[in-house]
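Take a look at the letters that make up each chain.
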Amino acid sequence: MRLIRELRQLGVGIVVDRSVAVANAKNLDAVLVLRANGVDGRFATECRDRTPYPNELKQLDTRREILSKYGEPLLIVPFVSKSLGERLRTAGWSWADSEGNLDLRSPGLVLRQRLSATRTKLKKA
């Protein structure tokens, strides 16, 4: 998972807790416990193959509420534009994408990184 690699490069300690995910297989993918500057943050992850459109964010409210029982809701998707990232944050999500961009927030902890403003295009063979 690129997110774990990116966070480790930033000096963030990471523990992946899959026991909660296994016990609640339909509810979340994993719980990440992050430690940065002596502060711990617990994130309940939802990995999706497709980035939601802005008009679909309201539909994710129930999903966010379920995840929040296990940690801060964290959406992991292929790419998050700057404007979508702001809308996700306003809707109560932390997020990360496959391009290395992220915005993770929990009480006392904020981790933000923008590496790519546009999604990487696949080269034609």
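The shown structure was predicted, so the numbers you read here are calculated from the model rather than taken from an experiment.

Explain the nonpolar core residue by residue, including any values.
Among the nonpolar cores identified, the biggest contains 16 residues, and Leu 3, Leu 7, Leu 34, Leu 74, Leu 104 and Leu 111 are the most heavily contacted of them. Not counting residues within four places of it along the chain, the set of residues in contact with Leu 74 comprises Leu 3, Leu 32, Phe 43, Ala 44, Thr 45, Glu 46, Trp 93, Ser 94, Trp 95, Ala 96 and Leu 104. Listed in part, the 14 residues of the second largest apolar core include Leu 67, Leu 75, Val 77 and Trp 93.

Go over the side chain of Asp 61, please, and point to the residues and values.
Within the fold, Asp 61 resides in helix α3 (residues 61–67). A polar side-chain atom of Asp 61 sits 3.0 Å from a polar atom in the side chain of Lys 58.

Before we move on, can you summarise the sheet that holds strand β3 (residues 39–47) with the specific residues and values?
Here we have seven strands laid out as an open sheet, ordered β1-β2-β3-β4-β5-β6-β7, and mixed in their pairing. Each having just a single partner strand, β1 (13–17) and β7 (109–113) make up the two edges of the open sheet. Taken over all neighbouring pairs, the strand axes of this sheet differ in orientation by 25° on average, direction set aside. Sheet topology places strand β6 (residues 102–106) next to β7; five bridges connect them, and they run antiparallel. Across the sheet, Leu 102 pairs through a bridge with Gln 113, a residue of β7. Running over the sheet, helix α1 (residues 2–9) touches β1, β2 (30–36), β4 (72–77), β5 (94–97), β6 and β7 and is turned about 155° from β1.

Which residues make up the pattern of salt bridges, and what values go with them?
Enumeration over the complete set of coordinates arrives at nine salt bridges. In this structure, the salt-bridge partner of Asp 61 is Lys 58, at a minimum N-O distance of 3.0 Å. Asp 61 gets classed as buried once you look at its relative accessible area, which sits at 17%. With its nearest N and O atoms 2.7 Å apart, the salt bridge here joins Asp 103 to Arg 105. We classify Asp 103 as buried; its relative accessible area is 2%.

How would you explain the pairing of β7 if you had to name every residue and give the values?
Along β7, the buried face is formed by Leu 109, Leu 111 and Gln 113; none of Val 110 and Arg 112, which line the opposite face, is buried. The antiparallel hairpin formed by β6 and β7 contains two residues in its connecting segment, where Gly 108 sits at a positive phi of about 80°.

Got a sec to walk through the environment of Asp 49? Specific residues and values, please.
Among the secondary structure elements, Asp 49 is positioned in the loop between β3 and α3. Sequence spacing of Asp 49 and Pro 78 is 29 residues, and the spatial spacing of their C-alpha atoms is 6.6 Å.

Describe the environment of Ala 96, with residues and values.
Structurally, Ala 96 is set in strand β5. Distance in space between the C-alpha atoms of Ala 96 and Phe 79 is 8.0 Å, their sequence separation being 17 residues. Setting aside anything within four residues of it in sequence, one finds Ala 96 in contact with Leu 3, Leu 74, Leu 75, Ile 76, Val 77, Asn 101 and Leu 102.

Calculation notes
- Residues numbered from 1 in each chain as written.
- Predicted model: local features only at pLDDT ≥ 70, side-chain atom pairs only at ≥ 80, totals over all residues.
- Heavy atoms only, no water.
- Core = buried A, V, L, I, M, F, W, Y, C linked by side-chain atoms within 4.5 Å.
- Buried < 20%, exposed > 50% of the residue type's maximum accessible area, 1.4 Å probe, protein only.
- Contact = heavy atoms within 4.5 Å.
- Helix = DSSP H or I, 4+ residues; strand = E, 2+ residues; numbered from the N terminus.
- Polar contact = N/O pair within 3.5 Å; in protein donor to acceptor, adjacent residues only side chain to side chain.
- Pairing = 2+ DSSP bridges.
- Axes fitted to C-alpha atoms, helices over the stretch in contact; angles between N-to-C directions.
- Salt bridge = Lys/Arg side-chain N within 4 Å of Asp/Glu carboxyl O.

Nothing here speaks to function; it is geometry throughout.
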